[in-house]
Amino acid sequence: MKSRAIVHGAVSIVNAIPTGVGAALGVDLTTIVEAESFESNKREIHVEINVEDDVVEENFLVEKTVNKLLNMAGEGKIGISLKIYSNIPIARGLKSSSAVSDAIVLAVSKLLGIEQDLLDAVNIAVDASIESGVTITGAFDDAVTCMMGGVNITDNYKREILAHWNIEEDLNILINVPEEKIYTGKLNIESFKNIETLSRRAVTLALNGFIWDAMIINGFIIASALNLDVKPIMTALNSNVLACGVSGKGPAVVAVTLPEHERELEEEFKKYGRTIKTKPNNKPAIVEVLE
């Protein structure tokens, strides 16, 4: 039997680390996981990962997620083969871990006959991410947004969706992707304490629908907490954009603009490294049996 899951990416509106409440926006980047079982006299997990324009340095999250599902299904002696493709850059704050754990849960659950809805799958993916040490708050906001699409505001510690709505799709999203990588497990959490009050204001704005204002505030305070370069943000805000800010813990910077202003912004962003162009995503993840 063979299954496939397709999960989209996300970018930050408000980082959840300072307050436990986060907000994210779905984007049309993609992670695809194909899973296949094979006979084995022991538990085996074979993984092949291809991330566009990036290098995968470890796959501990992948194995943790698969083993979690095998334990749920009571499978001891079985082989699982995974082929993973993604165009989401790794360790840049662009939700690559949430997308891949979501997709693995969907694909492998389908393979093993584990019945669940999308939110159940999110919770399994979040548990695996916490146990793997790739998240601080559980990244429930990111996992929900990768799985469901649209705009999502969540309480990550309670795992509650506080608000969800679809976003206008006739927008262009540009992502500046520096060469530097920042891994969540190496962050100094103390650096987020001084920005808690401002982060709560950004959350309030987001809950009231002012997501672009929230993204801008979040961008500056996260950059301040982590000593990130704010020049790309300042450059974008001097162009015709709706919003611009740091995604996740960075260093990627995301800007949202109208289609007629994309070229102008792209030219400016090129000064700071590679630029990815994408669109908002409102579509939920899909999973299917291939054979």
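Refer to the structure above for everything that follows.
A. Fine view of the overall build of the protein chain. Tallying secondary structure elements over the protein chain gives eight helices and eleven strands in all. Expected size for 291 residues packed as a compact globule is a radius of gyration near 19 Å; at 18 Å, the protein chain falls within 12% of this value. Counting over 291 residues, the protein chain shows a buried share of 55%. Intrachain contacts of the protein chain at a sequence separation of at least 6 include 75% that bridge at least 24 residues. Entry remark: accessible area of the protein chain is about 12,400 Å², with carbon and sulfur atoms responsible for 47%.

B. Geometry of the pairing of strand E5 (residues 151-155). Most of E5 sits inside the fold, with five of its five residues counted as buried. Alignment of strand E2 (residues 21-38) against E5, held across five bridges, turns out to be antiparallel. Residue pairing for E5: Val21 is matched across the bridge by Asp155. Turn length for the E5-strand E6 (residues 160-165) hairpin, with the two strands adjacent in sequence and antiparallel, is four residues, and the turn residue Arg159 shows positive phi of about 55°.

C. How the structure looks around a nonpolar patch on the surface. Residues Ile136, Tyr157 and Ile189 make up a contiguous nonpolar surface patch of roughly 280 Å² in combined accessible area. Position of Tyr157 relative to the elements: it lies in the loop between E5 and E6. In this structure Tyr157 comes out as exposed when scored by relative accessible area, which is 54%.

D. Seen up close, the sheet that holds strand E10 (residues 274-278). On the basis of which strands lie adjacent, the open sheet formed by four strands has the order E8-E9-E7-E10 and antiparallel pairing. Each of the sheet's edge strands pairs with one partner strand only, and the pair in question is strand E8 (243-246) and E10. Shown here is a sheet whose adjacent strand axes are inclined to one another by a mean of 20°, direction ignored. Against the sheet, helix H6 (residues 211-226) engages E8 and strand E9 (253-257), with an angle of about 30° to E8. Of the strands in this sheet, strand E7 (172-177), E8, E9 and E10 touch helix H8 (residues 262-269), which is tilted by about 5° from E7.

E. Spatial organisation of the side chain of Ser101. Mapped onto the elements, Ser101 comes out in helix H2 (residues 96-112). Judged by relative accessible area, which is 1%, Ser101 ranks as buried. Among the polar contacts made by the side chain of Ser101, one reaches the main-chain carbonyl oxygen of Ser97 at a distance of 2.9 Å. Beyond its immediate chain neighbours, meaning those up to four positions away, Ser101 contacts Leu61, Thr65, Ala125 and Ser129.

Rules and cut-offs
Residues numbered from 1 in each chain as written. Predicted model: local features only at pLDDT ≥ 70, side-chain atom pairs only at ≥ 80, totals over all residues. Heavy atoms only, no water. Helix = DSSP H or I, 4+ residues; strand = E, 2+ residues; numbered from the N terminus. Rg over C-alpha atoms; globule rule 2.2 N^0.38 Å. Buried < 20%, exposed > 50% of the residue type's maximum accessible area, 1.4 Å probe, protein only. Contact = heavy atoms within 4.5 Å. Areas by Shrake-Rupley, 256 points an atom, 1.4 Å probe, with all protein chains shown as cover. Pairing = 2+ DSSP bridges. Patch = residues over 30% accessible without salt bridge, like charges linked within 9 Å, V, L, I, M, F, W, Y side chains within 5 Å. Salt bridge = Lys/Arg side-chain N within 4 Å of Asp/Glu carboxyl O. Axes fitted to C-alpha atoms, helices over the stretch in contact; angles between N-to-C directions. Polar contact = N/O pair within 3.5 Å; in protein donor to acceptor, adjacent residues only side chain to side chain.

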